[in-house]
Each structure stands twice: as C-alpha cells, then as structure tokens.
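# What the coordinates show
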Amino acid sequence: MSASNAIVHKGPTDASPTDLWLYRWGVVLLTGLFALSIVVVLFTTWQIDWALPFIPVLLIAGIAAWWLFQHPLINLAVVLTSFVMIADFEEGIQLTEVFYGLYYMTFLAVWFSKRLFLDPEPVFKRVEEKALWTFLILVTLSLPLTYLFAGTFKLWLGEWLSYSLLGFYFPVKEAIEKDKNGLKVVVGVVLVVGLIILARNGLQYMRALSDASQAWQVIKGRAVTNEGLLMVPAFFAFALYLKSTALQHKVFFAGLFSAFLGGLIVTQSRGYWVAFILGMAVVFWLVPRAEKRRILITSGITVVVVSLAAILILGDFLTLVISGLLDRFLSLGSATTKDISLVNRFLETGAVWEHIKTNPILGHGMGVSYQFYDITYKMTDAKPFIHNGYMALWYKFGVWGPALILSFLVACVRKGIIVFKGFKGISLESAACLAVVGSFFAFSLSANTSNPFFINDTMFIFAVMTGCAAGCYSRWKSGLSGSTQ
C-alpha cells in the first residue's frame, strides 16, 4: 500500500484514545478518587463531628451513582424524574437542591465529555442544535455584561443554572434515537413527573382548604406552582388517549388527562388556562376528522370525570371552590383592563422595552435589575425578573438571545409536526410529537405574561420536549418508526 493510500484511508478514529489508554488512565483516576475519598473521611472524623452521619449516606450514594452511570437509559430516567426534588419553590438553598445540582451537572458533564472527546460522531449535527449550543456558550460568557450593568454573580448563577437544564436536550434526543425503549422511558418520565407534581399540589391545596377559617380563603384558594409540569403531561396523556386502541389504555390515559386538567384548573392561573385552550385548538386542527370526534367525546368524558372527582374530593367545599373558579374564569374578559396584576405586567413590559432600546444588540446580562413603577405596591421597584419571556430574552441577551433560542424551539416544533404527519397509523412517536406541538403552542401564548425562560421547571420540560421531537424525527428519517403502545 502506498503512502498516499495510507493517508487517504486514515480515519478520525485513528486519533481517538485507544481502549488500553482509556483503561490505564481510568484506573489511575479511580485510584486517585478512592485515595482522596479516604483522606476526606479521615479528615471528617477528625475535624467535623456533625458530618459523620452523612458518610454512610455518601457511600451509598456513590455506589448507586457508579451503578447508574453503567446503565445510561436508567440513569437518564432517574436524573430526569429526580427533577421533582427541586421543582418546589422555596426560599434559600435547600439540601435537595445541592444534591440534585451535583447529580445533574455530573450527568451532563460525563455525557458531553464522552461525546465530545471519545465519540468520533459529531454531537451537534443539525443547525438548530448548533444554535442551542451557541446559545448556551454565549450565556456562559455573558458574565462580564452582568458586572458591567451592576448585576450580581448570585443572580447570574441562578439564571445560568436554569438555562443549563436545556443541555438535557442532547441525551434525551440520543436515547430516543439509539435505544428502542428510549421514547417509552422519556414519555413515562413526563407522566410520572406530572403525577408527582399533581399529588404534591393536591395535598397542599387540600391542606389550605382544611386550614381555611373564612369563606373567601376557600374561594381564593389555589395551587399555583409548576403549571407547566401539569399542562405538558396533560397534552401527553391526551395524545396517548387518541393513539390508543386497547380499551384499558383509553380508560387509563383518559383518567390521567382528567387528573392533570383538574390540577391545572385549581392553579387558577388564567394565562395557562387560555394557553391550554390554544394548544388544544392546534391539536384539534392537526388531527384527522375521525380523531376530532374522539376529542369531542373525550371532552365530555373529562367534564364528567372531573366533576365527579370534585364532588368526592372537595365535599362541603365544592360550592365555594366552584364559585371561586367561575369568578376567575369570568374575569378573563376584563383582565387586561381591570386585573391590576396583569395591567402591572403590561406596564413592566413597557418599562423593559425602554431599557432594551439602550442596548438592543448585546443586552444587559443575567441577574441585572431594571426599574419601573409597580402599581400593585405603588412604588418604584427594581428587580431582575421579567414576566414577558420574549422581552426578558432580549433585555438580558440582546438580539442574539431570542434569535438563537427561538429558532431552536421553532425548528423542533416544525420537526414535531413533520413526524406527526409522517407517521401513519398508531405510533408512540406520533402521539409524543402531537403532545410536543400542542404544548409549545400553548407556551408561546403564556410566555407573554409568564416567563418560561427563567424558571427551572419550564427549562427542564422544554429540554425534554425538544429532545423528544428531535429524537422522533431521527427515527422517522431512519425508518425506525412505528413503535406502538
């Protein structure tokens, strides 16, 4: 073989680390970590008496982590489902948040290290994936802007951690692409997370009702956290109901849909109510005529199921709760002029726009506060949170922020529509993509008054949904379609 032929045949894997090299350095790394852990334990027993009870916990956690990282799909399911540990909003930094933060950051670091340095196949194959990766890099490099505009590192870090959850897009997409059970696991995670949030919100809501001492406390009672983590599973349950053929599956998913919808209703979040209706209208428009009849039937069944559940669960509180919900629903027509909270958000948006015009290209950075006159408190307020998600992206990152992230989201929704229309017949891919499309259309509306680009739970579910759509698209293109329930 000539020298020129040898050069021609040399592939990218020739420069990759060999198995022997990886084994040797892996042994060195593990030995070093083991020695370090012994030193840490000895130091802890000597200097930090109160930390001793945590050593067995850390040991068990280490063994569990070692086993999980040997089983990628199970590890992905666990790290995604464990997100519920930080889904509840509490002041300060909780111990569960620290543990979960270490877990998911380690998961993403290991995943990206393996794919970037050990796998010859490119990680960022599509234009929208390069847009997402560019966005995450620029977000990380935006720290100087934060200091330039008098922001704080603490606030910057909090927002950066929220955006970092978008990194789950890549492992979710890969799991669906390459593992025959990947899509089932991801869909299962969405439903399980939704059920955990539903149970937690339900307990909090019932506790608030039981603690109420006056009628108005019952009427105004609401479970107002994690609306997105209830709305998205509702779309998934509904899509799975439409695509099911077996009666037991239909009953099961119809029950799930009714439960999630009931949970969304008691949040009393009118923005998400309207957003959900928009998403369902898009679903109704996309599905064939035969399935449109199913939607109407499902709607009737859902009303009956939710009503019966309300009668059984709420008991004596039923009349007051219905009164509060009706009052909240009927106020939709006048909310833009009479709801002081909503009007205040519009004023906030106008104030943010004035700030955007001062630096529309680069933005002001994360964790940077802005000032506006808050009519709810009748005072000039300074805060970093912006309720309008689109304005928040522009204010913080300039033109490049919304351009990159919205192009990524739109491309994933487009792929979801292609997959839904491309899969003929019954398929889990079709159902999942229909749910993704309906969910994102809903979020496109609610983002005007409820910022999804700042909150952990929406960034988490965005990553799962976009990874789901992209993975299903890859299966459709490669002919791996048709996985049924």
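Refer to the preceding data block for the structure.
Figured I'd write up the structure that's included with this text. (Residues numbered from 1 in each chain as written. Predicted model: local features only at pLDDT ≥ 70, side-chain atom pairs only at ≥ 80, totals over all residues. Heavy atoms only, no water.)

### So, the overall build of the protein chain
Helix and strand counts for the protein chain stand at 22 helices and two strands. A burial count over the protein chain gives 45% of its 485 residues as buried. For the protein chain, the share of sequence-separated contacts (at least 6 apart) that also reach a separation of at least 24 residues comes to 78%. About 24,600 Å² of surface is accessible on the protein chain, with carbon and sulfur atoms providing 71% of the total. (Helix = DSSP H or I, 4+ residues; strand = E, 2+ residues; numbered from the N terminus. Buried < 20%, exposed > 50% of the residue type's maximum accessible area, 1.4 Å probe, protein only. Contact = heavy atoms within 4.5 Å. Areas by Shrake-Rupley, 256 points an atom, 1.4 Å probe, with all protein chains shown as cover.)

### Details of the packing of helix H6 (residues 127-140) against helix H20 (residues 400-422)
Interaxial distance between H6 and H20 falls to 9 Å at its minimum, and their mutual angle equals 150°. By the angle class used here, H6 and H20 are roughly antiparallel. Taken as a pair, H6 and H20 cross one another with a handedness that is left-handed. The segment H6 lies against H20, with Glu128, Ala131, Leu132, Thr134, Phe135, Leu138 and Val139 engaging Trp400, Gly401, Leu404, Ile405, Ser407, Phe408, Ala411 and Lys415. Residues of the contact of H6 with H20, tallied by class, amount to ten nonpolar, three polar and two charged. (Axes fitted to C-alpha atoms, helices over the stretch in contact; angles between N-to-C directions. Parallel < 35°, antiparallel > 145°, perpendicular 65-115°, else oblique. Left-handed = near helix turned anticlockwise from the far one by under 90°. Nonpolar A, V, L, I, M, F, W, Y, C, P; charged D, E, K, R; others polar.)

### A word on the packing of helix H4 (residues 72-81) against helix H5 (residues 95-118)
Relative to each other, H4 and H5 sit at 145°, their axes nearing to 10 Å. Handedness of the crossing formed by H4 with H5: left-handed. Residues Asn75, Leu76, Val78 and Val79 of H4 touch H5, and the partners they reach there are Tyr100, Tyr103, Tyr104 and Phe107. Among the residues forming the contact of H4 with H5, the class breakdown is seven nonpolar, one polar and no charged.

### Overview of the nonpolar core
Judged by nonpolar contacts, the single largest core of 110 residues is most densely connected at Phe135, Tyr163, Phe168, Phe236 and Phe462. Examining the composition of this core, we find that 13 residues originate from one element, helix H12 (residues 228-243), more than from any other. Non-local contacts of Phe462, meaning those with residues more than four positions away in its chain, are made with Leu166, Leu409, Phe440, Phe443, Pro452 and Phe453. Ranked by size, the runner-up nonpolar core spans ten residues in total, among them Tyr370, Phe372, Ile386 and Ala392. (Core = buried A, V, L, I, M, F, W, Y, C linked by side-chain atoms within 4.5 Å.)

### Here we look at the pattern of salt bridges
The full count for this structure, using the stated rule, is nine salt bridges. Note that Glu174 and Arg115 form a salt bridge whose closest N and O atoms lie 2.6 Å from each other. Here Glu174 is found in helix H9 (residues 169-178), whereas its partner Arg115 is found in helix H5, with 59 residues between them in sequence. In terms of burial, Glu174 and Arg115 fall into one category: buried. Note that Lys173 and Glu177 form a salt bridge whose closest N and O atoms lie 3.7 Å from each other. Of this pair, Lys173 and Glu177 both sit in helix H9, separated by four residues, roughly a single helical turn. Comparing Lys173 with Glu177 shows no difference in burial state: the two are buried. Salt bridges sharing partners connect three or more residues here, namely Arg115, Glu174 and Lys178. (Salt bridge = Lys/Arg side-chain N within 4 Å of Asp/Glu carboxyl O.)

### Some thoughts on the pairing of strand E1 (residues 370-374)
When a strand is regular, its side chains alternate between the sheet's two faces. Bridging between E1 and strand E2 (residues 379-383) involves five bridges; their strand directions are antiparallel. Within E2, the residue paired with Asp374 across the bridge is Met379. Once E1 ends, the chain turns through four residues before running back antiparallel as E2, passing Lys378 with a positive phi of about 55°. (Pairing = 2+ DSSP bridges.)

### Some remarks on the packing of aromatic side chains
On inspection of all chains with the given rule, the structure shows 35 aromatic pairs. Relative to Trp400, the ring of Phe397 has its centre 5.2 Å away and its plane inclined at 50°; by these criteria the two rings are tilted. Each member of the pair, Phe397 as well as Trp400, is classed as buried. The rings of Phe83, Tyr100, Tyr103, Tyr104, Phe107, Phe168 and Phe460 are connected pair by pair, giving a single aromatic cluster. (Phe/Tyr/Trp six-rings, centres within 6.5 Å; stacked < 30°, edge-to-face > 60°.)

### What to know about the side chain of Ser427
Take Ser427: it is sitting in the loop between H20 and helix H21 (428-446). A polar atom in the side chain of Ser427 sits 3.1 Å from the backbone nitrogen of Ser430. (Polar contact = N/O pair within 3.5 Å; in protein donor to acceptor, adjacent residues only side chain to side chain.)

### What about H9?
One full turn of an α-helix is made of 3.6 residues, so residues set three or four places apart face in the same direction. By the criterion of burial, H9 is predominantly enclosed, with nine of the ten residues buried. Listing the buried residues of H9 in full gives Tyr169, Phe170, Pro171, Val172, Lys173, Glu174, Ala175, Ile176 and Glu177.

### With respect to H5
The first and last C-alpha atoms of H5 sit 34 Å apart over 24 residues, in line with the 34 Å expected at 1.5 Å per residue. Residues of H5 that are buried include every one of Tyr100, Gly101, Tyr103, Tyr104, Phe107, Leu108, Trp111, Phe112 and Arg115, and no others. (Expected span 1.5 Å × (residues − 1).)

### What about the environment of Arg345?
On the secondary structure map, Arg345 appears in helix H18 (residues 340-356). Residue class for Arg345 comes out partly exposed when judged on its relative accessible area of 25%. Taking the C-alpha atoms as reference points, Arg345 and Asn388, separated by 43 residues in sequence, lie 7.7 Å from one another. Beyond its immediate stretch of four places on either side in the chain, Arg345 contacts His387 and Thr449. A distance of 2.6 Å separates a polar atom in the side chain of Arg345 from the backbone oxygen of Thr449.

### Description of the environment of Phe69
In this fold, Phe69 is placed in the loop between helix H3 (54-68) and H4. Classification of Phe69 as partly exposed rests on a relative accessible area of 25%. Considered as a pair, Phe69 and Trp111 are 42 residues apart in the sequence and their alpha carbons are 9.7 Å apart. Apart from the residues lying within four places of it in its own chain, the contact partners of Phe69 are Asn75, Tyr103, Thr106, Phe107 and Val110.

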